[in-house]
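Structural description and commentary
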Amino acid sequence: MKKRILTGITTTGTPHIGNYLGAIKPALELAGPENDSYFFLADYHALIKQTDPTEIEKSVKNVALAWLSSGLDCNQSHFYRQSDIPEIPQLTWLLTCMTAKGLMNRAHAYKGALADNLAAGEDGDYAINMGLFSYPILMAADILMFNAQIIPVGRDQIQHVEMARDIAQRFNHRYGELFRLPAAQVDDNVAILQGLDGRKMSKSYGNTIPLFLVEKQLKKHINKIVTNLLEPGEPKDAETSTVFQIWRAFANEQQTAEMRVRFAEGIGWGEAKKELYELVNEQLREPREHYNDLLQDPARIENALAEGAEKARIESSELMRQLRDAVGIKALV
Ligand code: TRP
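All values reported here derive from a predicted model rather than from experimental measurement.

What counts and how
- Residues numbered from 1 in each chain as written.
- Predicted model: local features only at pLDDT ≥ 70, side-chain atom pairs only at ≥ 80, totals over all residues.
- Heavy atoms only, no water.
- Helix = DSSP H or I, 4+ residues; strand = E, 2+ residues; numbered from the N terminus.
- Contact = heavy atoms within 4.5 Å.
- Buried < 20%, exposed > 50% of the residue type's maximum accessible area, 1.4 Å probe, protein only.
- Near = heavy atom within 4 Å.
- Polar contact = N/O pair within 3.5 Å; in protein donor to acceptor, adjacent residues only side chain to side chain.
- Areas by Shrake-Rupley, 256 points an atom, 1.4 Å probe, with all protein chains shown as cover.
- Nonpolar A, V, L, I, M, F, W, Y, C, P; charged D, E, K, R; others polar.
- Expected span 1.5 Å × (residues − 1).
- Arc of directions from axis to C-beta.

Here we come to the side chain of His 45. Tracing the sequence through the fold places His 45 in helix α2 (residues 43–46). In contact with His 45, not counting residues within four places along its chain, are Thr 10, Gln 82, Tyr 135, Leu 138, Met 139 and Asp 142.

Taking burial as the measure, the five residues of strand β3 (residues 77–81) include five buried ones, the bulk of the element. Burial of β3 is two-sided: the residues Ser 77, Phe 79 and Arg 81 facing one way and the residues His 78 and Tyr 80 facing the other way are all buried.

Bringing the site of the ligand into the picture now. The environment of the ligand is made up of 14 residues, and the closest members are Thr 10, Tyr 135, Met 139, Asp 142 and Gln 157. In this structure, Thr 10 approaches the ligand through a side-chain N or O atom, which is 3.2 Å from an oxygen atom. Take Tyr 135: an N or O atom from its side chain is 2.7 Å from a nitrogen atom of the ligand. In isolation the ligand exposes 370 Å². Once the protein is present, 87% of that is buried. When residues of the shell around the ligand are traced back to their parent elements, those giving at least two are β1 (3–10), β2 (35–42) and α7 (130–144). Here the shell around the ligand is composed, by residue class, of eight nonpolar, five polar and one charged.

Let us look at helix α11 (residues 253–265). Here α11 is 13 residues long and its end C-alpha atoms lie 19 Å apart, about the 18 Å a rise of 1.5 Å per residue gives. When we look at burial in α11, the residues that qualify are Thr 256, Met 259 and Phe 263. Seen end-on, α11 carries its buried residues on one side only, within an arc spanning 65°. Opposite the buried face of α11, by more than 90 degrees, sit the exposed residues Gln 254 and Glu 265. The N-terminus of α11 is capped by Asn 252, whose side-chain oxygen sits 3.2 Å from the backbone nitrogen of Gln 254. In the stretch just after α11, Gly 266 is the one whose phi turns positive, near 95°.

Treat this as a map of the structure, not an account of what it does.
Now the structure itself:
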């Protein structure tokens, strides 16, 4: 039996190589005919943090472009925009009524915001909206709507997938076995890519390498990676180096082993960055060309999303019908 794979990317900001390596590339590796895959743009999730409509619109386009340019085959998988599936917010409500408030109190995004408020001497609820608080329920709906089993995500999302599982279990217990139980899948090699400043690569730190830079800009970003003051010829610690870490994320095993030796031998930072640029640039060349083609023809992006939603809704509308029936929302005669 085919396995159902599902993952989404929140549409805030411009996709960067961390998103590509951590989410898009591993997801596409699972997207062959042996699996049933569901990839989507989490635009409802974006509203939790982003209230500028222009930014939302821009990001939806860029994230869609990132998937499509990276070699996603829409015939082999389901590719859609969350907001094009009206059953998802419907399911969110059914799940909301099955979710203990205490479970949401423990979700780390909310807990973090609460702790920051308290540390700053603010009211605990300061600037926390209900979207942030119940975010894991919307994410559970994304997953359960398609009865997905394998959820490739970054380490920070494991808790949410476990919550989806808890919520599904509770629902099944009350209303019958309607949901399969999902599990997170984390790739340890790529889950925590460092950014230019050495902290986790994240749009919220502004330390990313965007995915579709022109060559000159890509080189400039790579040159900005923070290193130490060691001179060429002095041995360098590969494990703590951001340059090496990004190298490893793009390189094969042999290239990684070779670069590790060259760090020990004291490769200069300038040289290491030059080689990193060449490696990354080579791998992004083809996606970048697709990206530029698609940019000329945005209707192709919109069509792909519309067709994807239509295909996905065959599934979601049928499951929603069963769910409504199970909870007792049905025709009287
Ligand atoms: N919350 C995820 C993130 O910020 C994105 C996401 C939304 C997602 N719904 C999902 C990921 C469902 C996997 C499955 O990274």
